[in-house]
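Structure assessment
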Amino acid sequence: MSTLLFYDEIDKPGLASLSTYHDIGGYSMLRKALDMEPQAIIEQLLASNVRGRGGAGFAMGRKASFLPKGDMDKYLVCNADESEPGTFKDRELMQKNPHLLIEGMAIASYAIGASRAYIFIRGEYMHQADVLDAAIAEAREAGFLGDRVMGSDYSLELWVHRGAGAYICGEETALLDALEGKRGNPRLKPPFPAIEGLYQGPTLINNVETLMNVPHILRMGGEKFAEIGTSGSTGTKVVCVSGCVRRPGNYEVELGTPTRDIIYGLAGGPPEGRKIKCWFPGGSSAPVLPGTDEYMDLPFDFESIAEAGSMLGSAAIIIVDDSVPIVDVALKTAKFYRHESCGKCTPCREGTNWTVKMLERIENGQATPMDLDIMASVCDQILGNCLCVLGDAMAMPISSMIKHFREEFEEHIEMARERNGLGAAIPVMNRDERGPDRSAEYSAVGH
Amino acid sequence: MTPSPSDPSRRLAGQVRRYSHGSRVPDWDRAADLQKAPAVIPDLATTRVSDELREAIEQYMSRYPDRRSAALPALMLAQKVHGWCSPLAIEQVAAVMRLTPGYLSSVATFYDMFETEPKGEHTVYVCTNISCALRGGDAIYEAMVEAAGDDPRMNVRTFECLGACDIAPMASVNGEYVGPLDEADCRQIVDELTSGRPVLEHKRLRDRPSAIDLPMGDGLPTAGRDISNRITASGNDVAGPKDM
Ligand SMILES: Cc1cc2nc3c(=O)[nH]c(=O)nc-3n(C[C@H](O)[C@H](O)[C@H](O)COP(=O)(O)O)c2cc1C
Ligand code: SF4
Ligand code: FES
């Protein structure tokens, strides 16, 4: 029997209201926290080893302990931008259980000594933002927020800040700029937000799901929490499964659950008669993995997915079945990053654009297999050369598609050339004679 | 002459929307008017702003240590009043927030939800990102465009992942998430919008239970799963407002 922290009662009627939340013990952990030393709360977070649920998987306790102590203005920001394609967990969590987020944020704010906290929610989530606004008003009315929280000496203002549609604002420093009323361009790091963030004050930024774990960690105790999941990936994870499966949706599992159980067991696997061609384990920014048994047997946790050559990211599994051409998947992915690039760094701005152009050339039958090498080299030039990782987030999945499905790309190139009457890029007679290093031959063929 | 969508020259042009002079940048070929003084912060005393809008913006400004933080919510409020981020809307926000119109325009052009041209009052964002596309999102967009026809009240556009891939293919209709959609729903959405009725009540995301309580579906739509990015004319497929 696997532990559920969020989904055991998620559909309980009225859970979004303060009275129901209070009835099931809500805000008792805030009470407990206010009687603790802030440092003792951070110790519990460290003991729990809970890792960030927003993408990078950085240990929350460590990040919180980086904030300087002292009396300066500090801030807590909840990242509810959730724009990573395939991700939709924060939406359901916030809409159905907003008070758990508010309680988690109040505890975290107290632990780091912040007197102002903001929830940066993507502008498209209008209903969820309304739900949060209402919940915050209720909590403030009942004394869980505002001046002298629950009769203590601690005061906290919490507001919802609505974004206006830009994926890049999920990147923590771009989010801070958007919150400051600017264009959402990422900042140079360091200084990291923990030292110099919102309004240049020390700022802790965490994902919705990360912050929602905080009351559970206090309730169970950090060490007990760390027993859930695996030693390196503690706790549960809400996994968003979408694409070519029979029952897309959010499923909460313990980290380390076999991937097969999630994709086939909970989400029902691909429709009758279809096989999984590839899957993104952590949103469209994660390198794809093939749908073979070897990968289906992977435990779904941070380390195992990283070892397999991808990343857990936001734990958004997107399934692509064998009826979908890989070139189409690549083009769809690349176009998204081209549109969302903020344009600040050349490798990302130009690299995403040229990758789209080259993929379109494949579609239009104007490419030769040499273009695959050029595309891979463009991706290489992006990796590690940009201010934020949006560029990498396109380069990684595209490179992985070329790596795992090179044959299909080549066939697609030939097929499209033939369809457009442009003739074969590689003479048929040579096809079987190619050695392992193919690039020299491609350049000899020319185009 | 505008090439038709099937015209190969249009596909070769990278499917990027261009102005008649061939550039993606408006008026690139016109020199800046150096005689013209840059727009300064408009005076609130001489700018007509309704009390309602001013108070709402001021209310937002009070939430932050730095008033400039209210730029996004303030522009959103003004857009609601004016239908789009018109020069007048920007001027009003600038007057209340004591910022230059130029600053606010630079912000408004960055974000996808700000309309920088006049648009129909009913906004339909059809998600055509990967998870929706895998379930027919591109076909839904086309059906929606067809259903909207040339009704000037409709503003139908493609959108990147809206964070609701569990109800793919989906759309956000004036902010209300609905799905999974089929092509017949598109007609119904347009009818309900134009007659002022609530939209697709049985498919609203807000009423949906979590997935584990739903029956296993049996598959995917058979038609319209071609995700080869045939969509050309949509606002979102431009290299991006963030580039400018
Ligand atoms: C391009 C880009 C988009 C991101 N989008 C999100 C997002 O939508 N939600 C989120 O929580 N984190 C997002 N992140 C990760 C954040 O930068 C940051 O790591 C995270 O909010 C930290 O919270 P966590 O430690 O709780 O995961 C994004 C990062 C990048 C580079
Ligand atoms: S990598 Fe891309 S999105 Fe990130 S700062 Fe550079 S240009 Fe902007
Ligand atoms: S891809 Fe359409 S909502 Fe995510």
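Here the structure is a predicted model, which is why all the values come from computation and not from measurement.

This brings us to the pairing of strand S2 (residues 116–121) of chain A. Residue and element names in this part refer to chain A. For S2, a buried count of five out of six residues is recorded, marking the element as mostly surrounded by other parts of the structure. Direction of pairing for strand S1 (residues 75–80) relative to S2: parallel, over a ladder of six bridges. Across the sheet, residue Cys78 finds its bridge partner in S2, namely Ile119. Pairing of S2 with strand S3 (residues 157–162) involves six bridges; the strand directions are parallel. What sits directly across from Phe120, in S3, is His161. For the crossover that starts at S2, traverses helix H7 (residues 126–141) and ends in the parallel S3, the hand is right-handed.

For the rest of this paragraph, the subject is unusual backbone geometry. Look at the link from A:Lys189 to A:Pro190: it is a cis peptide, with omega at -10 degrees. Mapped onto the fold, A:Pro190 is located in the loop between helix H8 (172–179) and strand S4 (203–207). At A:Met150, a residue that is not glycine, the phi angle is positive and equals roughly 50 degrees. Take A:Met150: it is sitting in the loop between H7 and S3. Note on A:Met150: relative accessible area 22%, which makes it partly exposed. Located in the positive-phi region is B:Asn174, a residue other than glycine, with phi close to 45 degrees. If you trace the backbone, B:Asn174 turns up in the loop between strand S3 (171–173) and strand S4 (176–178).

With that settled, consider helix H6 (residues 98–112) of chain A. Here H6(A) contains 15 residues, and its C-alpha end-to-end distance of 21 Å stays within 8% of the 21 Å for a straight helix at 1.5 Å per residue. Counted residue by residue, H6(A) has 15 buried out of 15 residues, so it is predominantly covered.

Below, the discussion takes up the interface of chain A and chain B. At the interface, 80 residues of chain A touch 71 residues of chain B. Taken together, the two surfaces of chain A and chain B that pack against each other cover about 6,200 Å², and 53% of this comes from carbon and sulfur. On the chain A side of the interface with chain B, the three residues burying the most area are A:Arg183, A:Lys332 and A:His339, jointly 14% of the side's total. Applying the counting rule to chain A against chain B returns two salt bridges. Of the charged contacts in the structure, one is a salt bridge between A:Lys332 and B:Asp138, with a shortest N-O distance of 3.1 Å.

For ligand 2, the set of nearby residues contains 13 residues, the closest of which are A:Cys342, A:Lys344, A:Cys345, A:Cys348 and A:Cys388. The residue makeup of the shell around ligand 2, split by class, is nine nonpolar, three polar and one charged.

Further remarks concern the site of ligand 1. All names here are of chain A. Around ligand 1, 18 residues are found, and the nearest of them are Gly54, Asn79, Asn206, Asn207 and Thr210. Within the backbone of Gly170, one N or O atom sits 3.2 Å away from a nitrogen atom of ligand 1. Alone, ligand 1 offers 610 Å² of accessible surface; in the complex the protein occludes 91% of this. Residue contributions to the shell around ligand 1 peak at three residues, all from S4. Looking at the shell around ligand 1 residue by residue, the classes come out as three nonpolar, nine polar and six charged.

As enumerated under the stated definition, the model contains 13 aromatic pairs over all chains in all. With centroids separated by 6.0 Å and ring planes inclined at 75 degrees, the aromatic side chains of A:Tyr167 and A:Tyr337 adopt a geometry described as edge-to-face. In this pair, A:Tyr167 is assigned in the loop between S3 and H8 and A:Tyr337 in helix H14 (residues 326–340), connecting sequence segments 170 residues apart. Taken individually, A:Tyr167 and A:Tyr337 each receive the classification buried, so the pair is uniform in this respect. Between the aromatic rings of B:Tyr111 and B:Phe114, the centroid separation amounts to 6.2 Å while the plane-to-plane angle is 90 degrees, which identifies the pairing as edge-to-face. Given a relative accessible area of 2%, B:Tyr111 falls into the buried group. Residue B:Phe114 is classed as buried on the basis of its relative accessible area, which comes to 4%. Grouped by ring-pair contacts, the aromatic residues A:Tyr21, A:Tyr27 and A:Phe144 constitute a single cluster.

The subject of this paragraph is the sheet that holds strand S6 (residues 249–254) of chain A. Residues and elements named next belong to chain A. With mixed pairing, five strands are arranged side by side in an open sheet as S6-S5-S11-S8-S9. Two strands lie at the open edges of the sheet, namely S6 and strand S9 (289–290), each paired on one side alone. Bridge count for strand S8 (residues 276–280) against strand S11 (residues 316–321) is four bridges, and the pairing is antiparallel. In the sheet register, Phe280 faces S11, and the bridge partner there is Ile318.

All names here are of chain A. Per the domain assignment, the segments making up chain A are domain 1 (18–225), domain 2 (236–321) and domain 3 (326–444). Of note, the centres of domain 1 and domain 3, computed from C-alpha atoms alone, are 40 Å apart. Facing the twelve residues of domain 1 at the interface are eight residues of domain 3. In terms of surface lost to domain 3, no three residues of domain 1 exceed Tyr167, Ile168 and Pro186, which account for 54% of the buried area on that side. Linking domain 1 with domain 3 are zero salt bridges. Taken together, the connections running from domain 1 to domain 3 amount to two residue pairs in polar contact (both at pLDDT 80 or more). Residue classes in the side of domain 1 that touches domain 3 are distributed as six nonpolar, three polar and three charged.

What follows is about the side chain of A:Arg122. Tracing the chain through its elements places A:Arg122 in the loop between S2 and H7. One polar contact links the side chain of A:Arg122 to the main-chain carbonyl oxygen of A:Glu82, over a distance of 3.0 Å. Setting aside anything within four residues of it in sequence, one finds A:Arg122 in contact with A:Ala80, A:Asp81, A:Glu82, A:Ser83, A:Gly163, B:Cys161, B:Leu162 and B:Gly163.

Bringing helix H8 (residues 183–194) of chain B into the picture now. Think of an α-helix as turning once every 3.6 residues; residues three or four places apart then point the same way. All names here are of chain B. Spanning twelve residues, H8 covers 18 Å between terminal C-alpha atoms, matching the ideal 16 Å at 1.5 Å per step. Turning to H8, its buried residues number three or more, namely Asp185, Cys186, Ile189, Val190, Glu192 and Leu193. The buried side chains of H8 occupy one side of the element, clustering within an arc of 165 degrees when seen end-on. Those residues of H8 hidden inside the fold are in contact with strand S1 (122–127), helix H7 (137–148), strand S2 (154–159), S3 and S4.

What follows deals with the sheet that holds S2(B). Residue and element names in this part refer to chain B. Read across the sheet, four strands follow the order S2-S1-S3-S4 without closing on themselves; strand pairing throughout is mixed. Only two strands of the sheet have a single neighbouring strand rather than two, namely S2 and S4. Averaged over all adjacent pairs, the angle separating strand axes in this sheet is 25 degrees, with direction ignored. Judged from the three bridges that link them, S3 and S4 form a sheet pairing that is antiparallel. Paired with Val173 across the bridge in S4 is Glu176. This element, H7, spans S1 and S2 of the sheet and lies at about 170 degrees to S2.

Residue and element names in this part refer to chain B. Helix H3 (residues 71–82) packs onto helix H2 (residues 51–61) with a crossing angle of 160 degrees between their chain directions and a minimal axis gap of 9 Å. When the axis of H2 is compared with that of H3, the two are roughly antiparallel. Handedness of the crossing formed by H2 with H3: right-handed. Residues Leu53, Ala56, Ile57 and Tyr60 of H2 lie in contact with H3, whose contacting residues are Pro73, Ala74, Leu77, Ala78 and Val81. Residue classes in the contact of H2 with H3 are distributed as nine nonpolar, no polar and no charged.

Procedures and definitions
For every chain, the first residue of the written sequence is number 1, and numbering continues from 1 onward in sequence order. A letter from A marks each chain and a number from 1 marks each ligand, given out in the order of writing. Given that the model is predicted, a residue must reach a pLDDT of at least 70 before its local features are reported, and side-chain atom pairs must reach 80 or more before they are shown or counted; all residues, however, enter totals for whole chains, interfaces and linings. To get the side-chain values, all heavy atoms of the structure are used, and hydrogens and water are removed first. Residue exposure (1.4 Å probe, protein chains only): buried if accessible area is under 20% of the type maximum, exposed if over 50%, otherwise partly exposed. Secondary structure elements follow DSSP: runs of H or I no shorter than four residues count as helices, runs of E no shorter than two count as strands, and numbering proceeds from the N terminus. Strand pairing is defined by DSSP finding a minimum of two bridges between the two strands. Whether a crossover is right-handed comes down to one check: with the strands pointing away from the viewer, does the path from the first strand over the helix to the second run clockwise; if it does, it is right-handed. By this rule, a helix spans an expected 1.5 Å times one less than how many residues it contains. We call two residues in contact when some of their heavy atoms are within 4.5 Å. Here the buried area means the combined drop in accessible surface, using a 1.4 Å probe, for two parts upon being joined, counting both sides. One side-chain nitrogen of Lys or Arg within 4 Å of one carboxyl oxygen of Asp or Glu is enough to make a salt bridge. Whether a residue is near a molecule or strand depends on its heavy atoms: it is near if one of them lies within 4 Å of it. Classes in brief: Ala, Val, Leu, Ile, Met, Phe, Trp, Tyr, Cys and Pro nonpolar; Asp, Glu, Lys and Arg charged; the others, Gly included, polar. Think of a polar contact as two N or O atoms within 3.5 Å of one another; within protein, one of them needs to be a possible hydrogen donor and the other a possible acceptor, and neighboring residues in sequence only count if both atoms come from side chains. Calculation of accessible area relied on Shrake-Rupley with a 1.4 Å probe; when residues are assessed, cover is drawn exclusively from the protein chains displayed. Side-chain rings of Phe, Tyr and Trp, where Trp is taken by its six-membered ring, are said to pair if the distance between their centres is within 6.5 Å; with planes under 30 degrees apart they count as stacked, over 60 as edge-to-face, and otherwise as tilted. The split of the chain into domains comes from an automatic or database domain assignment. Working definition: the arc comes from the directions between the helix axis and the C-beta atoms, pointing outward to the latter. For helices, the fitted line uses only the C-alpha atoms of the stretch in contact; every axis is such a line through C-alpha atoms, and the angle between N-to-C directions lies from 0 to 180 degrees. Oblique is the label for every angle not falling under 35 degrees (roughly parallel), over 145 degrees (roughly antiparallel), or within 65 to 115 degrees (roughly perpendicular). By the definition used in this description, the sense in which the near helix is turned from the far one sets the handedness, with an anticlockwise turn below a right angle giving left-handed and a clockwise turn giving right-handed.

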